[in-house]
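Here's the letter readout for the chains.
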Amino acid sequence: MLEMRSARMAVVLLAVLFAGPWLLDDFILSVLTLVFLFASVGLAWNLMMGYAGQLSLGHALHFGAGAYAMGLLVTKLGVSAWFGLPLSFVVGALFGALVGALGFRFAVRGVYFALLTIAFAELARILVEHWAFAGGNGGLFLPALTPDNQPLLSLRGGAGFFYHALLVTLAVIWLACALLVRGRIGYYWRAVREDEDAARAIGVPATRVKVLAAALSAGFTGVCGAWYTLIQGSLFPDSVLGMRMSIDLIVAPIVGGLGTLFGPILGAIVIQPLNELSKDFAQEFSISGLKLIVYGAVLLVIVLFAPHGIWPPLARWLRIGRRK
Amino acid sequence: MLEFYGNVIVGGLLLGAVYALLATGLNVIFGVMRMVNFAHGEMVVVGMYVGYGLWAWTGAPALVAAPVAALLLFAMGYVFQRFVANRFVEAPQHMQFILYIAIALIITGLHAVFFGPDPRGIQSAASFEVYQLGLIRLDAVRTQAAVASLMLIAALWAWFRYSLTGKAIQAAAENRVGGQAIGIRIPHLFALTAGLGFACAGAAGALVAPMFDVQPYLGGEFTLVAFIIVIVGGLASLPGALVGGLLIGLAEALAATVVAPSMKALFSYGLLVLVILLRPQGLFGKVEA
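On a predicted model such as this, the values are computed, not experimentally measured, just so you know.

(A) Structural context of the overall build of chain B. The secondary structure content of chain B amounts to 11 helices and 2 strands. The order of helices and strands in chain B, counted from the N terminus, is α-α-α-α-β-β-α-α-α-α-α-α-α. Here the C-alpha radius of gyration of chain B, 19 Å, is about what a compact globule of 289 residues would show, namely 19 Å. Taking the principal axes of the C-alpha coordinates as reference, chain B spans close to 60 × 45 × 35 Å. Relative to its 289 residues, chain B shows a buried fraction of 54%. Within chain B, counting contacts between residues at least 6 apart in sequence, those at least 24 apart form 79% of the total.

(B) Spotlight on the overall build of chain A. The helix and strand inventory of chain A stands at 16 helices and 2 strands. Since a compact globule built from 324 residues should have a radius of gyration of about 20 Å, the 19 Å found for chain A is in line with a globular shape. In chain A, which comprises 324 residues, the share counted as buried stands at 51%. Taking the contacts inside chain A whose residues are at least 6 apart along the sequence as the reference set, 77% of them involve residues at least 24 apart.

(C) Broad picture of the packing of helix α3 (residues 62-83) of chain B against helix α8 (residues 186-208) of chain B. Residue and element names in this part refer to chain B. One can describe the packing of α3 onto α8 by two numbers: an axis separation of 6 Å at closest approach and a directional angle of 150°. One finds that α3 runs roughly antiparallel with respect to α8. Crossing of α3 against α8: the hand is right-handed. Tallied by class, residues from the contact of α3 with α8 come to 23 nonpolar, 6 polar and 1 charged.

(D) Region of the structure containing helix α4 (residues 60-77) of chain A. Residues and elements named next belong to chain A. Given a rise of 1.5 Å per residue, 18 residues ought to cover 26 Å, and the 24 Å separating the end C-alpha atoms of α4 matches this to within 8%. The element α4 is largely enclosed, with a buried count of 15 among its 18 residues. Just beyond α4, the residue with positive phi is Gly-78, at close to 65°.

(E) Structural view of the interface of chain A and chain B. The interface of chain A with chain B comprises 34 residues on the first partner and 35 residues on the second. The leading source of residues in the side of chain A that touches chain B is helix α6 (residues 110-129) of chain A, at 12 residues. Class assignment of the residues belonging to the side of chain A that touches chain B gives a composition of 27 nonpolar, 5 polar and 2 charged.

(F) Expanded view of the pairing of strand β2 (residues 136-139) of chain B. All names here are of chain B. Relative to β2, strand β1 (residues 130-133) runs antiparallel, the two sharing 4 bridges. Paired with Leu-133 across the strands is Ile-136, a residue of β2. Remark: 2 residues form the turn of the hairpin made by β1 and β2, two consecutive strands paired antiparallel; Gly-134 in that turn has positive phi of roughly 65°.

(G) View of the environment of Ala181(B). Structurally, Ala181(B) can be placed in helix α7 (residues 176-181). In sequence terms Ala181(B) and Met95(B) are 86 residues apart; their C-alpha atoms lie 27 Å from each other.

(H) Here's a closer look at the confidence of the model for chain B. With 97% of its residues at a pLDDT of 70 or more, chain B shows a mean pLDDT of 85. As scored by the predictor, the complex reaches a pTM of 0.87 and an ipTM of 0.84.

(I) Expanded view of the environment of Glu276(A). Tracing the chain through its elements places Glu276(A) in helix α14 (residues 263-284). As a C-alpha pair, Glu276(A) and Ala213(A) span 63 residues in sequence and 32 Å in three-dimensional space.

(J) Focus on the environment of Glu252(B). Following the sequence through the fold, Glu252(B) ends up in helix α10 (residues 238-258). Measuring from C-alpha to C-alpha, the distance between Glu252(B) and Ser262(B) comes to 10 Å, with 10 residues separating the pair along the chain.

(K) Looking closely at the confidence of the model for chain A. Taken over all residues, the pLDDT of chain A has a mean of 85, while the share at 70 or more is 96%. For chain A, per-element mean pLDDT is lowest for helix α1 (residues 2-18) of chain A, which scores 74, and highest for helix α11 (residues 206-232) of chain A, which scores 92.

(L) Broad picture of the packing of helix α9 (residues 219-233) of chain B against α10(B). Residues and elements named next belong to chain B. Following both chains from N to C, one finds α9 and α10 inclined at 120°, their axes separated by 8 Å at the closest point. Overall, the two elements α9 and α10 adopt an arrangement that is oblique. In this structure, α9 meets α10 at a crossing whose hand is right-handed. Contact with α9, carried on its side by Val-225, Ile-228, Ile-229, Val-230, Val-232 and Gly-233, involves Gly-240, Ala-241, Val-243, Gly-244, Gly-245, Leu-247 and Ile-248 of α10 and no other residues of that element. When grouped by side-chain class, the residues that make up the contact of α9 with α10 number 9 nonpolar, 4 polar and no charged.

(M) Unusual backbone geometry, seen in detail. All names here are of chain B. If you check the backbone angles, Arg-34 has positive phi at about 60° while not being a glycine. Locating Arg-34 in the fold gives a position in the loop between α1 (2-33) and α2 (40-58). With 16 C-beta atoms counted inside 10 Å, the residue Arg-34 sits in the partly exposed group.

(N) Broad picture of helix α5 (residues 140-162) of chain B. Residue and element names in this part refer to chain B. In a regular helix each residue adds 1.5 Å, so 23 residues correspond to 33 Å; α5 covers 33 Å between its end C-alpha atoms and thus fits that length. Of the positions making up α5, those classed as buried are Val-141, Arg-142, Gln-144, Ala-145, Ala-146, Ala-148, Ser-149, Leu-152, Ile-153, Leu-156 and Phe-160. Where α5 is buried, its residues meet α1, α3, β2, α6 (164-174), α8 and α10.

Conventions we followed
Residues numbered from 1 in each chain as written. Chains lettered and ligands numbered in written order. Predicted model: local features only at pLDDT ≥ 70, side-chain atom pairs only at ≥ 80, totals over all residues. Helix = DSSP H or I, 4+ residues; strand = E, 2+ residues; numbered from the N terminus. Rg over C-alpha atoms; globule rule 2.2 N^0.38 Å. Buried ≥ 20, exposed ≤ 12 C-beta atoms within 10 Å, placed from the backbone. Contact = placed C-beta atoms within 7 Å. Axes fitted to C-alpha atoms, helices over the stretch in contact; angles between N-to-C directions. Parallel < 35°, antiparallel > 145°, perpendicular 65-115°, else oblique. Left-handed = near helix turned anticlockwise from the far one by under 90°. Nonpolar A, V, L, I, M, F, W, Y, C, P; charged D, E, K, R; others polar. Expected span 1.5 Å × (residues − 1). Pairing = 2+ DSSP bridges. pLDDT = per-residue confidence, 0-100.

Here you go:
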């Protein structure tokens, strides 16, 4: 019953959201596009942290891998960006599997694993900065859009197009996460998260399911990176592979609520507009660094007063969702 | 040629000694409370601004600024641990991480708001002084910073080892409940430890201020350097932090001259990955039961 009701609610919500471009102006659309992007990537990161319990602080690696896969494909090969989407998933997932396999094979846990992910992301950033073919430090620029550009072929267009594209991406990633989390693998992940040794003892192939979590999470993150390239039209090693991106990616799911399917979305809805506001405010009064203070303050408030994020208490209040 | 590399090596080792002080701060906090201070680099930047500010205001050299920065950071660390972080000692790791990241972001943001994003350098005549030692030229600023760092590290070691409070902190680190049972004031001692850890970072910051231009966004880099040293040397191992610091300082200096300045971090990260995978307890760490 409840399942049916929430499914119907989701469809209605999607339909309403889909009408956005006919109702809203371009600026609001672009902010919402970023909300969808960071909600998607937050869901992806959350698979690994929230469900499988593995803290990755280097997800910029996968985001950047997807971004560069798409960027190189479009600029160097001139192939349709459509191929870039599956490619960025595969590239991201490969990096995820690599980091995961290395880390979990050597039984790296906790802080050490988190530092390992940072190290890999930073290594990638430094290498790409010196990779002349990919533009090095100077970055990579997608060719300018021609007047006869077909958004559905080039996957690039105006604010309305990206709004729809990212809305669909979010819906697809959300659905994939929902199916995974409710399936057998989701139970394995939670078992590993709660107590890995106990999970092993009852026969959960812990290493394998952790690597799978890392690969899937990284693959979805890669796709989001590819969309980021298309939206921005350019990419730089520091902006997509840097530590800052790794942090930007994880703020939304933490604020919204780890290990929930709506938390990352709610987090992105809260964070992105705040981000825009502080950017405006900073420009108005020409002070930099305001965004960081806002981010920091939000995280501090969350960790002090709502350590499980804002979604669980909100859901209780709205009386939806299952109790844990 | 030999002279050139000799100077590079000595310069690297001198900076490495300051790195060791910075890493010791991180290590002390981790060793006692098992908390990973992801805002460590930001504390270094606070120390750097103290060093820069004092120099710009009174022309005070780094050796004067270092104790001031250490005192300020000690107070910050004590208050922060006592009133905020102590609540998180038993919290899951990712929550501790979020706490420290939040602090790091706020401090970086405050720096950017108050000092602007432009790098600020100390240009005093003392920056160009050198001590000639045979073929080796010792940069005066670096040498003083290194000597001061080594002295601070030694003092901290001795204090932990021989003072009653230091022993009590070690006991509390060993067995929290047992410590409480025999009347050790854990919250106070933890706050003291955090204060000392932050003070190390602050002093290191003031000492490096004449070597690097200060800007708000340096924090992350220092945090990562400290982590690399601590992991390579062994988490919670004090000799490990010293040797790790010298090693990373040397490696960075060599990589910067032999390969390219922008590649110097590559080597450190590579080393970090290898150590985590192959010898996660670090070069000097003990295997935890």
